[in-house]
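The residues making up each chain are set out below.
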2 protein chains.
Amino acid sequence: MPNNQFKRGELYSFMTGKASTAIARRLQKNFKQSGIEITVEQWSVLYHLWKQDGMSQQELCNATFRDKPSITRLVDNLEKLKLVKRVASKDDRRMNMIYLTEEALKLETQTMEVANITLNEALEGVSTENIAICKEVLQLVYDNLK
Amino acid sequence: MPNNQFKRGELYSFMTGKASTAIARRLQKNFKQSGIEITVEQWSVLYHLWKQDGMSQQELCNATFRDKPSITRLVDNLEKLKLVKRVASKDDRRMNMIYLTEEALKLETQTMEVANITLNEALEGVSTENIAICKEVLQLVYDNLK
DNA sequence: GGCATATAGTTAGTTATGCAACTAACCAAA
DNA sequence: TTTGGTTAGTTGCATAACTAACTATATGCC
């Protein structure tokens, strides 16, 4: 059990996720400054749809690590913003396939640029090796708990 | 600029903070299973008060990386639960000093035990060196953006 | 003392999250 | 085909977050 001797402070910094909160806040701020009027949560949904358009809500739940009500409401808001459309599946009428609108397609390049800038701000001064190790640890933590 | 060549997937896993979300959810679940009826956010405030009782709300903002309205409402809810008390400072009447109640003092040992168990679940299979590197990276990210 | 400014905290409005309960559609076994 | 269980999505309720605007107190400069 090599992990039993963790001290409180270490524990706490892991628990709270200050780093990811800080990244999300900065991304939101950078979106705003670029005149992009979406939330980072909405962006995280669009992100997966840019990779693969026409996902079901359940697939978006898995992809974004959110529960079903969260996705329902995010899709609600994205629909209000005319960025996505719900289309009932022909094969299985329980399912909504979520499709990007023209306007959402246009957002991809611009938002990804802002996201990359934000990430570079965040990772300034961090070595490539350590970033890789950090990613690996976070992935393991996620796998341990999901 | 060693960080410019990041690929989307890497970027995204950093952005979303799935690992910290997963830890927070697991901690909440473990609290519930132990019969502890507080939220992880409330716990994070109590955590700092256990270290130093009688902090002001502004100090709690800095410590927990939350804004003032968030702390106002967390303290509201903690007061409703009779876990803390607001006491107006004599030196500066703008300030509320937040004090733990007897009941909150009793919660420390039990919740810290649950938190330690949760952390061990999360970090199972991760080497001590890599945990240290990961912490270091997250701290740097936080410092870059805060 | 009096006025401008800064700081501590609150309130209001919108968005997001988690949980539980619900509806609708699908599916498989009797 | 009917019944019972499962899956996809929605709704209601409570908590929490960010922004902006607000009140009240303190401070510093004239």
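Further up the page is the structure itself.
Here's what I pulled together on the structure shown here. This is a predicted model, so every value here is computed, not measured.

Looking now at the protein's contact with DNA strand D. In the vicinity of DNA strand D, 25 residues are found, and the nearest of them are Gln57, Gln58 and Lys68 of chain A together with Thr39 and Asn77 of chain B. Backbone atoms, meaning sugar and phosphate, make up 63% of the atoms of DNA strand D lying within 4 Å of the protein. Measuring from a base oxygen of DNA strand D, one finds a side-chain N or O atom of Arg73 of chain A at 2.8 Å. Contact distances for DNA strand D include 2.6 Å between a phosphate oxygen and a side-chain N or O atom of Asn77 of chain B. Among the secondary structure elements, those contributing two or more residues to the surface near DNA strand D are helix 2 (18-33), helix 4 (57-64) and helix 5 (68-80) of chain A together with helix 3 (40-51) and helix 5 (68-80) of chain B. For the surface near DNA strand D, the residue count by class is four nonpolar, nine polar and 12 charged.

This part covers the interface of chain A and chain B. With 58 residues of chain A at the contact, the number on the chain B side is 58 residues. The contact between chain A and chain B buries some 6,000 Å² in all, and 66% of this surface belongs to carbon and sulfur atoms. A per-residue breakdown of the area chain A buries against chain B is headed by Phe14, Met15 and Leu145 of chain A, which together make up 12% of the total. Counting across the interface, chain A meets chain B through zero salt bridges. Viewed at the interface, chain B and chain A are joined by 11 residue pairs in polar contact (both at pLDDT 80 or more).

Next up on the list: the pairing of strand 3 (residues 96-100) of chain A. Residue and element names in this part refer to chain A. Bridge count between strand 1 (residues 55-56) and strand 3: two bridges; the pairing is antiparallel. Looking across to strand 3, one finds that Met55 is bridged to Ile98. Pairing of strand 2 (residues 84-88) with strand 3 involves five bridges; the strand directions are antiparallel. Bridge pairing in strand 3 places Val87 opposite Met97.

The next point concerns the packing of helix 2 of chain A against helix 7 (residues 128-145) of chain B. It is at 8 Å that the axes of helix 2 of chain A and helix 7 of chain B come closest, and there the two elements cross at 35°. The hand of the helix 2 of chain A/helix 7 of chain B crossing is left-handed. Note on element contacts: helix 7 of chain B touches helix 2 of chain A through Leu138, Val141, Tyr142, Asn144 and Leu145 of chain B, opposite Lys18, Ala19, Ala22, Ile23 and Arg26 of chain A. Grouping the constituent residues of the contact of helix 2 of chain A with helix 7 of chain B by class yields seven nonpolar, one polar and two charged.

Further remarks concern the state of the cysteines. Within this structure, the stated rule accounts for zero disulfides over all chains. Looking at Cys134 of chain B, it has no disulfide partner, and the nearest cysteine sulfur is the one in Cys134 of chain A, 3.5 Å off. Judged by relative accessible area, which is 0%, Cys134 of chain B ranks as buried.

Residues and elements named next belong to chain B. Read across the open sheet, the three strands follow the order 1-3-2; overall the sheet is antiparallel. Among the strands making up the open sheet, the edge pair consists of strand 1 (55-56) and strand 2 (84-88). Packed onto the sheet, helix 3 meets strand 1, strand 2 and strand 3 (96-100) and runs at close to 90° relative to strand 3. Along the sheet, helix 5 makes contact with strand 2 and strand 3, crossing strand 2 at roughly 120°.

To continue, consider the relation of the copies chain A and chain B. Aligned on chain B, chain A shows an RMSD of 0.1 Å; the corresponding rotation is 180° and the shift along the axis is 0.0 Å. Those values place the two copies in the arrangement expected of a two-fold rotation axis. Within chain A, Cys134 of chain A has its C-alpha nearest the rotation axis, a separation of 2.2 Å.

Scoring rules and cut-offs
- Residues numbered from 1 in each chain as written.
- Chains lettered and ligands numbered in written order.
- Predicted model: local features only at pLDDT ≥ 70, side-chain atom pairs only at ≥ 80, totals over all residues.
- Heavy atoms only, no water.
- Near = heavy atom within 4 Å.
- Polar contact = N/O pair within 3.5 Å; in protein donor to acceptor, adjacent residues only side chain to side chain.
- Helix = DSSP H or I, 4+ residues; strand = E, 2+ residues; numbered from the N terminus.
- Nonpolar A, V, L, I, M, F, W, Y, C, P; charged D, E, K, R; others polar.
- Contact = heavy atoms within 4.5 Å.
- Buried area = accessible area lost by both parts, 1.4 Å probe.
- Salt bridge = Lys/Arg side-chain N within 4 Å of Asp/Glu carboxyl O.
- Pairing = 2+ DSSP bridges.
- Axes fitted to C-alpha atoms, helices over the stretch in contact; angles between N-to-C directions.
- Left-handed = near helix turned anticlockwise from the far one by under 90°.
- Disulfide = S-S within 2.5 Å.
- Buried < 20%, exposed > 50% of the residue type's maximum accessible area, 1.4 Å probe, protein only.
- Least-squares fit on C-alpha atoms with pLDDT ≥ 70 in both.

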